[in-house]
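Descriptive analysis of the structure
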Amino acid sequence: MSKTDQTQTQHELIANRRDKLNRWREAGIDPYPHTYERSHKSQDVLEQYDALEGQSVSVAGRIVSLRPHGKSTFFHILDGEGKLQCYAKKDQLGDEPYERLGWLDLGDFVGVTGEVFKTRTGETTVAVREYKLLAKALRPLPEKWHGLVDKETRYRQRYLDLVSNEEVREVFRVRARIIAAIRNFLDARGFLEVETPVLQPIYGGAAARPFVTHHNALDAQFYLRIADELYLKRLLVGGYERVYEVCRDFRNEGIDRDHNPEFTMVELYAAYFDYRDIMNLFRELIIEVTTAARGKPSFEFNGQDVDLTKPWREVPLLDIIKEKTGLDFSDPNAEKARKGAESIGVDIPDDASYGKIVDDVFSERVQPELVEPTFLTDYPLEISPLAKRHREKAGLVERFELFMAAREVGNAFSELNDPDDQRARFEAMAEAARRGDVEAHQVDEDFLTALEHGMPPTGGLGFGVDRLTMTLTGLTSIREVILFPTLRPLGSHATEPSAEG
RNA sequence: GGGGGUGUAGCUCAGUGGUAGAGCAUCUGACUUUUAAUCAGGUGGUCGAAGGUUCGAUCCCUUCCACCCUCACCA
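Residues numbered from 1 in each chain as written. Chains lettered and ligands numbered in written order. Predicted model: local features only at pLDDT ≥ 70, side-chain atom pairs only at ≥ 80, totals over all residues. Heavy atoms only, no water.

Some details on the overall build of chain A
When helices and strands are tallied, chain A shows 16 helices and 18 strands. The principal-axis extents of the C-alpha atoms in chain A amount to approximately 85 × 55 × 50 Å. Burial analysis of chain A (501 residues in total) assigns 48% to the buried set. The contacts of chain A with a sequence gap of at least 6 include a subset with a gap of at least 24, amounting to 63%. For chain A, the distance from the average position of its 66 positive side-chain charges to the average position of its 86 negative side-chain charges is 6 Å. (Helix = DSSP H or I, 4+ residues; strand = E, 2+ residues; numbered from the N terminus. Buried < 20%, exposed > 50% of the residue type's maximum accessible area, 1.4 Å probe, protein only. Contact = heavy atoms within 4.5 Å. Lys, Arg positive; Asp, Glu negative; His and termini not counted. Charge placed at Lys NZ, Arg CZ, Asp CG, Glu CD.)

Structural notes on the protein's contact with RNA strand B
Taken together, 55 residues lie near RNA strand B, and Thr9, Thr121, His259, Arg467 and Arg488 sit nearest. Taking all atoms of RNA strand B within 4 Å of the protein, the share assigned to sugar and phosphate is 61%. In the environment of RNA strand B, a phosphate oxygen lies 2.4 Å from a nitrogen or oxygen atom belonging to the side chain of Arg120. Contributing elements (two or more residues each) for the surface near RNA strand B: helix H1 (8-26), strand S1 (56-68), strand S2 (72-78), strand S3 (83-89) and helix H6 (151-156). No other element matches the seven residues that H1 contributes to the surface near RNA strand B. Grouping the amino acids of the surface near RNA strand B by side-chain chemistry returns 14 nonpolar, 16 polar and 25 charged. (Near = heavy atom within 4 Å. Polar contact = N/O pair within 3.5 Å; in protein donor to acceptor, adjacent residues only side chain to side chain. Nonpolar A, V, L, I, M, F, W, Y, C, P; charged D, E, K, R; others polar.)

A closer look at the sheet that holds strand S8 (residues 212-215)
Consider a sheet: its strands pair through backbone hydrogen bonds, and that pairing is either parallel or antiparallel. Across the sheet, which stays open at both edges, the three strands sit in the order S7-S9-S8 with antiparallel pairing between neighbours. One side of each edge strand has no neighbouring strand; the edge strands of this open sheet are strand S7 (199-200) and S8. With two bridges joining them, S7 and strand S9 (residues 220-224) adopt antiparallel strand pairing. Paired with Leu199 across the two strands is Leu224, which belongs to S9. (Pairing = 2+ DSSP bridges.)

Here's the deal with the domain arrangement of chain A
On domain assignment, one finds that chain A holds domain 1 (3-141) and domain 2 (163-312 + 372-480). A separation of 47 Å is found between the C-alpha centroids of domain 1 and domain 2. (Domains from an automatic or database assignment.)

So, in structure tokens, the structure goes:
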């Protein structure tokens, strides 16, 4: 918020705090000292009360409640792990230091040294012998009781959300545990974590519209990656047998509760694996990650407990559609498919292809019922340009998608390593692009050259960390699992005219 | 992009075609075991922005901005 946005009230609140800041300075005390040595964190004091009772501790944190009672004062500090109450008495602290307590505000950081005891009501508390202002806060924090609920402020000023809402702090701890567990799982199985370019001269590995940017010194156009797939496969050509990347991808598409323009995927590739080996690996990974995030291999979905230790179903895509709707889509005929879809009341756009019709019926009638983890297999070749042909079934590829909690949580295949077939697939996509498909792959000659040098048979997998976090935390908006979700910029930059192209 | 909703004090929210309220925060005073501390008193608002209707608009109308929900597209 700029200063011109401040109302009079806000000015006054800030002016009050600046007055207090000046009082500290006039007393010769630096309101922003460099360090503070603490002996314990709040959680240590609470958990080790029996050992610490009567002992002196030094703790530090932000003042989140402040209750002066004349010659004594209670306050809580919030540190990285939790809250701890402190109790200051004038006779114990001395007249001047006690008077300076009045120069503190909610939001200030303080360090406190004193003995641990319990109050009459049983709350573990530090009896303040000395304290030190560690950083003055010039702006007021959100209210203590209702906290901060305005979503726009929560996302734009996430730090305020984190200060006032403990459950939000916990969400991002869970997210961190999920990512750490993924790394532990893969590292333990010999996967090498790598980093590949975000700036790519040709984008690929997914069907999406990219962000376009420009490098001045090279005077060249680059795209922010939409996937890292084609780079990871180059590493398989180079001889690494197992690689993965925790990969921030960027897709220039709509924003809603399931989509943020930048999001985090994990992609992994394993030489001499096929999609069935990946299936087994992924099941183990999900169980291990879920256990790390939640303490047990299960999660809640709409009040229902989803137990991941039960057997996971595997079923071909068309079979489960038939099972849930009674419709047989085995004949790849758009007209027939349309009649079927309309017979069960699924609206189909006029220009929909066979594949699109199947997908619409699936999304509307099948996906919402896939609560227990389910591997869907046997995807059509046309929509899988990077997957290897099915070893038995014509027109299909060796691919699966994992669904659970009515959400797609992963996509994997036996990777296409025949360079001639890959070229043909790219050319088919290029043809689609010429017909107007803005998301179709570009022909990536450099990648084809890599494949022509030989890539071992490989299984690959990609899954979205944000959506996995949503599933495991039960949150329904992707913005709740991304610390700083993409929002429209405020102010003059928002209305700057942009060159259309 | 279509449809619906929201926007009032720092925060959480009421409210009305006649010039705006509460709780918390803030300020003043009282208070040495409180914890949504309590008690007494006070300050604080371009009612998202700009137009229009009206004697008069925070309220009705139009446009715009931001966010949320939903549909379409995608992971």
